[in-house]
Amino acid sequence: MKGTFRLSGPASLEADACIVGSGAGGASVADVLTAAGLDVVMLEEGPNVPAEAADGTGGEAIPRLWRGAGLTAALGVPPIAYAEGAAVGGSTEINSAIFQRVADDMLDGWAREFELAEFGAAALRPYYDRAAAAVNASLTPGPLEPPSRILAEAGERLGWKVSALERGQRFCAGTNMCSFRCPTGGKQSMSETLLPAATSRGMRLLAGARVERLLRRGRSIVAAVGRATGPDGRTHAFRVRAKRFFVAAGAVHTPALLQRSLVSRRAGATFKLHPTIKCVALFDEARDFHKFRLPLTAITEFMPDQRIGGSVMTPALLAMGLAEDWTRRGHLMERWRQCGSFYGMIRPKGQGRVLALPGLAEPLVFFRLAPDDWRALAEIGARLGEAMFAAGAREVWPSVTGAGPWRSVGEARALADGDLPQARTNLMTIHIFGSCRPGARPDASAVDGFGRVWGTDNLVVADASLIPDAPGCNPQGTVMALAFRAAEAALAMSDREGRARALGEAA
Ligand SMILES: Cc1cc2nc3c(=O)[nH]c(=O)nc-3n(C[C@H](O)[C@H](O)[C@H](O)COP(=O)(O)OP(=O)(O)OC[C@H]3O[C@@H](n4cnc5c(N)ncnc54)[C@H](O)[C@@H]3O)c2cc1C
C-alpha cells in the first residue's frame, strides 16, 4: 500500500495526529482525520501483507497475521481461547467481515445505563451507515452454498428464525480464505478500503512498529515511543510527537498501553467477550464445506442473548479443533470431507480484565464466567446439537473433552439438563470488547462517552474497547461506528478550543 513504510534506523516523526493500531477502529479514525486535512502518522505493530502476497494457507498465515500465532487465551476456568489480528488492517484481515448492527433497544439501553449522551440508536445510525458504506456491507448474491444451507434447513425444520448475514465484500470470489488474508481483495478489510484512502491523502503508516508507551506532560500526551522492525529484521527506536493521540490497538492492547503509560487506572477493568461453544457435526456423505464460503446464515431466533452460526472450515482448522480431544476424535480426520464446524455463542453476564505487568511484552487477560453463563452455554450447546441433527448430522461432537458423540437429539438435550464440566469445556471467542467502558464519571469509567481518556486533554480511545457491553452480534460495524464518532468529536472539540483561544487572544 502506497504510504506504508518501515524503518531502517532510529526515527523521530511529527504530525498533527498519531493513531496507534490500524484495525477497524484505527482505520476509521484515519478516514475522519485525513478527510479533514490533518497530517497523520499511524503506527501498526504487525506487518503489511498485500493481497498478492497472501499465501492462503493457515500454516503460513496464522503465525504471520494472528497475534501470538493464534495462541492467546483469557485465563480462568476454563481458559477461553481468543483470536486477534496483528497486521496492517488489524483483525479485519483475518475476520469473516460479517456486518451487523447492535439492536436499537440495546443501544438506547446502554445510553441510559452508562449515562452516555448522543449515544442511542438514532445518534449512532449515521455512523453505522458510514461503516456499512465503507465496507460495502451486502448480502452474498446467488443461491445459498452448502455450509449456509445447513443452518437454513435446521432453522426451517425446527421453526427457528434464520437470517442471511451481510458482509463487507466486493466481488467476493469465494476462496474461503477469509481467515488467512483474502488473496483477491474481495473481502473489504481495512487494507482494501479505509487505509489506502487515508494514505492517498498523505497519511504515513509505519508497519512493524510497536508502541511501548505514551509520554505525558501534565494533562497532555506529547509523544508515542516504541520499537519498529526494519526490512532487515533489526529493530529501531522511534518517537512520534503529535497534538492528538488516538489509541486503537484493540480491546486487549489499548488498555495495556494505557496502563503501561500510567494514564488510566480504570482501563482494562471491564473486559468482555462472547463465550462460544463449538461442535463438529459428522454427516453421512462428503459435504466438502472447505470448498465454499463460511456459513452466511445464522440461527437468530435466540438473539441477542444466544446465536448459532458456522465457522470457516478447512481441513487444518478442523484438525486444530479435534486436537482438543484427539485420542477420542482424531479418527474423524479420516472422514474430514463429511465434517462441519458450527458454534453457539452467548452474551455473558461475567466479566474479565486486562493487566499489563512490567517485564511482560503481552498483557495478562482474565475472564470469569457467571453461573448464568454456564446455564446459557449448556442451553445453546444443546440447541446447537438439535440444529445439527435437524440438518441431517449423524453424530455431533460438542467441544467438551470426553463428551460425545451425541447420536440423537435426546443426548444433545441432556446437556441443557445437566451441568457442563467447567474444566473440560473448551470455549473460544473471536469477539472481544468493553475494556475501556465509556461513562459519565471518571471514578466509574475509563473514558467519557466520546472515548476521551479521563484526566487527559488530547488522548482518545477509538476501538472495540469502547463498546460498553457484549453486543450479542458481530462487533466490527459497531467498532467502526464508535471510532468515526470519537474522531469527529475530537475534531469538533479542538475546533471549539481553537476558536475559544483565538477569541481570548483577540480580547
Ligand atoms: C478470526 C476472527 C473473525 C472475526 N469475524 C468477524 C466478523 O465476521 N464480523 C465482525 O463484525 N467481527 C469479526 N471479528 C471481530 C472484528 O474483527 C473486531 O471486532 C475488530 O476488528 C476490532 O477492531 P479494533 O480496531 O478494536 O482492533 P483490531 O482490528 O484487532 O486492530 C488492532 C490493531 O492494533 C495493533 N496493535 C496492538 N497493540 C499495538 C501497539 N502497542 N503498537 C502498535 N500497534 C498495536 C494490532 O496489531 C492490530 O493490528 C472477528 C475477529 C477475528 C479475530
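Residues numbered from 1 in each chain as written. Predicted model: local features only at pLDDT ≥ 70, side-chain atom pairs only at ≥ 80, totals over all residues.

**Points about the overall build of the protein chain**
So, point 1. For the protein chain, the helix and strand inventory stands at 12 helices and 24 strands.
So, point 2. The C-alpha radius of gyration of the protein chain comes to 23 Å, within 12% of the 23 Å expected for a compact globule of 507 residues.
So, point 3. Expressed along its principal axes, the backbone C-alpha trace of the protein chain runs to roughly 80 × 50 × 45 Å.
So, point 4. When burial is assessed residue by residue, the protein chain has 55% of its 507 residues classed as buried. (Helix = DSSP H or I, 4+ residues; strand = E, 2+ residues; numbered from the N terminus. Rg over C-alpha atoms; globule rule 2.2 N^0.38 Å. Buried ≥ 20, exposed ≤ 12 C-beta atoms within 10 Å, placed from the backbone.)

**What about unusual backbone geometry?**
So, point 1. A cis amide bond links Met 303 to the next residue, Pro 304, at an omega of 5°.
So, point 2. Following the sequence through the fold, Pro 304 ends up in the loop between strand E16 (297-299) and strand E17 (306-310).
So, point 3. For Glu 115, which is not a glycine, the phi torsion comes out positive at approximately 55°.
So, point 4. Assignment of secondary structure puts Glu 115 in the loop between helix H3 (104-113) and helix H4 (121-135).
So, point 5. Looking at Glu 115, the number of C-beta atoms within 10 Å reads 15, which means it is partly exposed.
So, point 6. Its identity is not glycine, yet Arg 181 carries a phi of approximately 80°, on the positive side.
So, point 7. As for its placement among the helices and strands, Arg 181 is situated in the loop between strand E9 (166-168) and helix H6 (194-200).
So, point 8. Take Arg 181: there are 26 C-beta atoms within 10 Å of it, and that puts it in the buried class.

**A closer look at the domain arrangement of the protein chain**
So, point 1. You can read the domains of the protein chain as domain 1 (1-49 + 87-136 + 188-270 + 432-507) and domain 2 (67-82 + 141-166 + 275-430).
So, point 2. When each unit is reduced to the centre of its C-alpha atoms, the spacing between domain 1 and domain 2 is 31 Å.
So, point 3. In this assembly, 18 residues from domain 1 lie in contact with 19 residues from domain 2.
So, point 4. Elements represented by at least two residues in the side of domain 1 that touches domain 2 include exactly strand E6 (98-99) and helix H7 (250-260).
So, point 5. In terms of residues, the side of domain 1 that touches domain 2 owes the most to one element, H7, which gives five residues. (Domains from an automatic or database assignment. Contact = placed C-beta atoms within 7 Å.)

**Overview of the environment of Thr 300**
So, point 1. Looking at the element boundaries, Thr 300 is found in the loop between E16 and E17.
So, point 2. Assessed through the 22 C-beta atoms surrounding it within 10 Å, Thr 300 is described here as buried.
So, point 3. Remark: the alpha-carbon pair of Thr 300 and Thr 72, spanning 228 residues in sequence, is separated by 28 Å.
So, point 4. Apart from the residues within four sequence positions on either side, Thr 300 is in contact with Lys 161, Val 162, Ser 163 and Arg 307.

**Quick notes on the pairing of strand E12 (residues 220-229)**
So, point 1. Direction of pairing for strand E11 (residues 209-217) relative to E12: antiparallel, over a ladder of eight bridges. Paired with Leu 214 across the two strands is Ala 224, which belongs to E12.
So, point 2. Counted along the chain from E11 to the antiparallel partner E12, the turn is two residues long, and its residue Gly 218 has a positive phi close to 60°.
So, point 3. With seven bridges connecting them, E12 and strand E13 (residues 235-247) associate as antiparallel partners. Counted as the bridge partner of Thr 229 is Thr 235 from E13. (Pairing = 2+ DSSP bridges.)

**Thoughts on the site of the ligand**
So, point 1. Residues in close proximity to the ligand total 42 residues, the closest being Gly 21, Gly 23, Gly 90, Asn 95 and Gln 476.
So, point 2. Elements with a contribution of two residues or more to the shell around the ligand: helix H1 (24-35), strand E3 (40-44), E11, H7 and helix H12 (476-506).
So, point 3. Broken down by element, the shell around the ligand gets its largest block of residues, four residues, from H7.
So, point 4. Here the residues of the shell around the ligand are counted per class, giving 18 nonpolar, 19 polar and five charged. (Near = placed C-beta within 6 Å. Nonpolar A, V, L, I, M, F, W, Y, C, P; charged D, E, K, R; others polar.)

**Brief notes about the environment of Leu 332**
So, point 1. Looking at the element boundaries, Leu 332 is found in the loop between helix H9 (326-329) and strand E18 (339-346).
So, point 2. Between the alpha carbons of Leu 332 and Ala 319 there is a distance of 8.9 Å; along the sequence they are 13 residues apart.
So, point 3. Once residues within four sequence positions are removed from consideration, Leu 332 is found in contact with Val 280, Leu 282, Leu 322 and Cys 339.

**Focus: the sheet that holds E9**
So, point 1. Reading across from one edge, E6-E9-E7 is the order of the three strands in this open sheet, with antiparallel pairing throughout. Strand pairing shows two members of the sheet lacking a second neighbour, E6 and strand E7 (137-138), which therefore form its edges.
So, point 2. By the bridge criterion, two bridges tie E6 to E9 in an arrangement that is antiparallel. Each bridged residue has a counterpart across the sheet, and for Ile 98 the counterpart in E9 is Arg 167.

**Quick word on the packing of helix H10 (residues 371-390) against helix H11 (residues 409-417)**
So, point 1. Close contact between H10 and H11 brings their axes to 7 Å; oriented N to C, the two are set at 170°. In terms of orientation, H10 and H11 fall into the roughly antiparallel class. Handedness of the crossing formed by H10 with H11: left-handed. For the pair formed by H10 and H11, the contact residues are Ala 378, Glu 379, Gly 381, Ala 382, Gly 385, Glu 386 and Phe 389 on the first element and Val 409, Ala 412, Arg 413, Leu 415 and Ala 416 on the second.
So, point 2. Counted by class, the contact of H10 with H11 contains seven nonpolar, two polar and three charged residues. (Axes fitted to C-alpha atoms, helices over the stretch in contact; angles between N-to-C directions. Parallel < 35°, antiparallel > 145°, perpendicular 65-115°, else oblique. Left-handed = near helix turned anticlockwise from the far one by under 90°.)

**Here's the deal with helix H5 (residues 146-158)**
So, point 1. Here H5 contains 13 residues, and its C-alpha end-to-end distance of 18 Å stays within 8% of the 18 Å for a straight helix at 1.5 Å per residue.
So, point 2. Restricting attention to buried positions, one finds in H5 the residues Pro 147, Ser 148, Ile 150, Leu 151, Ala 154 and Gly 155. With its buried residues spanning 155° around the axis, H5 presents them on a single face.
So, point 3. Check the buried side of H5 and you find it contacts strand E8 (162-164), E16, E17, E18 and H10.
So, point 4. Within two residues after H5, Gly 159 carries a phi angle of roughly 75°, on the positive side. (Expected span 1.5 Å × (residues − 1). Arc of directions from axis to C-beta.)

**Quick word on H1**
So, point 1. The terminal C-alpha atoms of H1 lie 17 Å apart, and with 12 residues this matches the ideal 16 Å at 1.5 Å per residue to within 8%.
So, point 2. Counted residue by residue, H1 has 11 buried out of 12 residues, so it is predominantly covered.
So, point 3. Those residues of H1 that sit buried are Ala 24, Gly 25, Gly 26, Ala 27, Ser 28, Val 29, Ala 30, Asp 31, Val 32, Leu 33 and Thr 34.
So, point 4. Immediately beyond the C-terminal end of H1, within one or two residues, lies Gly 37, with a positive phi of roughly 90°.

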